[in-house]
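As a plain string of letters, each chain reads:
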Amino acid sequence: MTEIYLIRHAEAEGNIFRRLHGQYNSLLTPRGHQQVKCLEGRFENVRIDGCFASDLTRASLTARAIYVPKGLRLHRDKRFREVHVGAWEDLPYGYLDNFEEAGMWAFNHDPLHWGCDGSEPFDVYTQRFLEGMAAAAQEFDGGTVAIFGHGAVIRGTLMRLFFMNDLEKLPYSDNTGVSRLFYHNGRFTYDYLNDNSHIPEALSTFYIQKWWREKELRKESGLYFLPLESCCLPKELPRPESDSRGQIQAAMLCGRPVGVVSLGRPEGDTGVILGMSLLPELEGRYYGDQLLGCAFSFFRKQGCKQLRAVPGRYPDDILSRYEFAGESYKRSIDAECFDWGESYAP
């Protein structure tokens, strides 16, 4: 019998930028890295013989909680990737909630029948994940393996394995949620599912987003973005500095502009944020993070590897929280820069 710890990745950009990151490659947030340290503590005295992860960066980075301190090789496997969401990749949840309402309901409540242009069907992504788990269990037969994956693909796999595809019976998984499974004679069983007891409330993505989960209309949590020229800004929303060769995006919430992000012309491989503004009553609720997510998305599409913020006032203390360093206020946005090697690398 093989013991399997199935683990969702730590908080990543899509979780807090409120963008749908299926197989879009993104980084962990600073809080996500703190969650990884908590996960490392949980497994400090647990023997692990093999460590596997999705080859997407956010899952492989989370796997460092186990393979680095235990000196294991990291087996990166595409079968453990998140669901490919086709035409929805990297779209803001706010856009999907407002303009793909029926599809988003199905994505959240009926994944068995959800689909969009170019997306993976339920049977396809759950089958590849199950095959990957079985192969890992057989490779370390009689031992213990850790497998790092993603929220939607893990959700679908557990639905299929244990609950006859009934989503309502499956507990929600926080970032770094841990499930303990067993594999024996081709059959999976479980001890517990999606446990996050190693994460204090202050670091729990599930806990900090409680304010939007309890609202009757989930779309109230998500921004979408339009060119500023198509909007009329309220007078209490300052317009930041702009660049004639850049663009300004207005952040929309329930059909009204509530924020602005000004994106300048890239400097080589460095994107430039010229400024941001947000209605005062929305500060402290992670809307500033969504403005930052707009900048990450925009400049990655232009091939930028770094992001620089022009000094000024930014909502929600995002420059400090997202570790824009030094006098230049720069940070990496490159999710492809890691050399995983053949063995663990601290």
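Before reading on, note that the structure itself is shown above.
Residues numbered from 1 in each chain as written. Predicted model: local features only at pLDDT ≥ 70, side-chain atom pairs only at ≥ 80, totals over all residues. Heavy atoms only, no water.

## Some points on the packing of helix H7 (residues 122–139) against helix H8 (residues 151–162)
Look at H7 against H8: their axes get within 9 Å of each other, and the N-to-C directions meet at 85°. Considering their axes alone, H7 and H8 lie roughly perpendicular with respect to each other. Contact residues: Phe122, Asp123, Tyr125, Thr126, Gln127, Arg128, Phe129, Leu130 and Met133 in H7; Ala152, Val153, Ile154, Gly156, Thr157, Met159, Arg160 and Leu161 in H8. Per-class residue counts for the contact of H7 with H8 are 10 nonpolar, four polar and three charged. (Axes fitted to C-alpha atoms, helices over the stretch in contact; angles between N-to-C directions. Helix = DSSP H or I, 4+ residues; strand = E, 2+ residues; numbered from the N terminus. Parallel < 35°, antiparallel > 145°, perpendicular 65-115°, else oblique. Contact = heavy atoms within 4.5 Å. Nonpolar A, V, L, I, M, F, W, Y, C, P; charged D, E, K, R; others polar.)

## Observations concerning the side chain of asparagine 15
Its place among the elements puts asparagine 15 in helix H1 (residues 13–17). When its relative accessible area of 12% is taken as the criterion, asparagine 15 is described as buried. Separated by 3.2 Å, the side chains of asparagine 15 and asparagine 175 make a polar contact. What asparagine 15 contacts, discounting residues up to four positions off in sequence, is Arg8, His9, Ala10, Asn175 and Gln209. (Buried < 20%, exposed > 50% of the residue type's maximum accessible area, 1.4 Å probe, protein only. Polar contact = N/O pair within 3.5 Å; in protein donor to acceptor, adjacent residues only side chain to side chain.)

## What to know about the nonpolar core
Judged by nonpolar contacts, the single largest core of 40 residues is most densely connected at Leu223, Ile273, Met276, Leu292, Phe299 and Leu307. Elements represented by at least two residues in this core include exactly H1, strand E7 (224–227), strand E8 (247–253), strand E9 (256–263), strand E10 (270–278), helix H11 (287–300), strand E11 (306–309) and helix H12 (318–321). Per-element tally for this core: the top contributor is H11, with eight residues. Among the nonpolar cores identified, the runner-up in size contains 39 residues, and Phe52, Leu96, Val153 and Phe162 belong to it. (Core = buried A, V, L, I, M, F, W, Y, C linked by side-chain atoms within 4.5 Å.)

## Concerning the environment of isoleucine 4
Its place among the elements puts isoleucine 4 in strand E1 (residues 2–8). Relative accessible area serves as the criterion here: at 0%, isoleucine 4 is assigned to the buried category. With 185 residues separating them in the primary sequence, isoleucine 4 and threonine 189 have C-alpha atoms 9.9 Å apart. Those residues in contact with isoleucine 4 that sit more than four places away from it in its chain are Met133, Ala137, Val145, Ile147, Ser179, Arg180, Leu181, Tyr183 and Phe188.

## Regarding helix H2 (residues 30–42)
Between its first and last C-alpha atoms H2 spans 19 Å; for 13 residues at 1.5 Å apiece the expected length is 18 Å, and the two agree. Within H2 the residues assigned to the buried category are Pro30, Arg31, Gly32, Gln35, Val36, Cys38 and Leu39. (Expected span 1.5 Å × (residues − 1).)

## Re the layout of surface pockets
In this model, the second largest pocket occupies a volume close to 270 Å³. Looking at the lining of the second largest pocket, the elements that each hand over two or more residues are helix H5 (93–99), E7, E8 and H11. In the lining of the second largest pocket, the residues fall into nine nonpolar, three polar and three charged. (1 Å grid on protein atoms, 1.4 Å probe; cavity = no way out; pocket = protein on both sides within 12 Å on 5 of 7 lines; lining within 4 Å. Points joined across faces, edges and corners; volume = space filled by probe spheres on them.)

## Overview of the pairing of E11
As judged from the four bridges shared by E10 and E11, these two strands associate in the parallel manner. By the bridge assignment for E11, glycine 271 is matched with leucine 307. At this point the chain moves from E10, through H11, to the parallel E11, and the crossover so formed is right-handed. Pairing between E11 and strand E12 (residues 330–332): three bridges, direction antiparallel. By the bridge assignment, arginine 308 is partnered in E12 with lysine 330. (Pairing = 2+ DSSP bridges. Right-handed = clockwise from strand over helix to strand, strands pointing away.)

## A short note on unusual backbone geometry
Positive phi, close to 70°, is recorded for tyrosine 286, a residue that is not glycine. Along the chain, tyrosine 286 falls in the loop between E10 and H11. A relative accessible area of 21% places tyrosine 286 in the partly exposed class. With a phi close to 60°, glutamate 323 is a non-glycine residue in the positive phi region. With respect to the element layout, glutamate 323 can be found in the loop between H12 and E12. Note on glutamate 323: relative accessible area 54%, which makes it exposed.

## Describing the packing of aromatic side chains
Overall, the coordinates contain 17 aromatic pairs when judged by the stated rule. Centroid distance phenylalanine 17 to phenylalanine 296: 5.1 Å. Interplanar angle 70°. Geometry classified as edge-to-face. You can see phenylalanine 17 sitting in helix H1 and its partner phenylalanine 296 sitting in helix H11, a full 279 residues away along the chain. Phenylalanine 296 shares its class with phenylalanine 17; the two are buried. Ring centres of tyrosine 183 and phenylalanine 188 lie 4.7 Å apart, and the angle between their planes is 55°; on these two criteria the pair is classed as tilted. Overall, the relative accessible area of 11% leaves phenylalanine 188 in the buried class. Above the face of the phenylalanine 107 ring, arginine 155 is positioned so that its terminal group lies 5.6 Å from the ring centre. (Phe/Tyr/Trp six-rings, centres within 6.5 Å; stacked < 30°, edge-to-face > 60°. Lys NZ or Arg CZ within 6 Å of the ring centre and 35° of its normal.)

## Topic: the sheet that holds strand E5 (residues 178–184)
Judged by pairing direction, the sheet is mixed, and its six strands sit side by side in the order E3-E2-E4-E1-E5-E6 without closing on themselves. Here the strands that pair on one side only, and so sit at the sheet edges, are strand E3 (74–76) and strand E6 (187–195). Averaged over all pairs of adjacent strands, the angle between their axes in this sheet comes to 20°, without regard to strand direction. Bridge count between strand E2 (residues 50–53) and strand E4 (residues 144–149): four bridges; the pairing is parallel. By the bridge assignment, alanine 53 is partnered in E4 with phenylalanine 148. The strands touched by H8 are E1, E4, E5 and E6; relative to E6, the strand with the most contacts, the crossing angle is about 130°.

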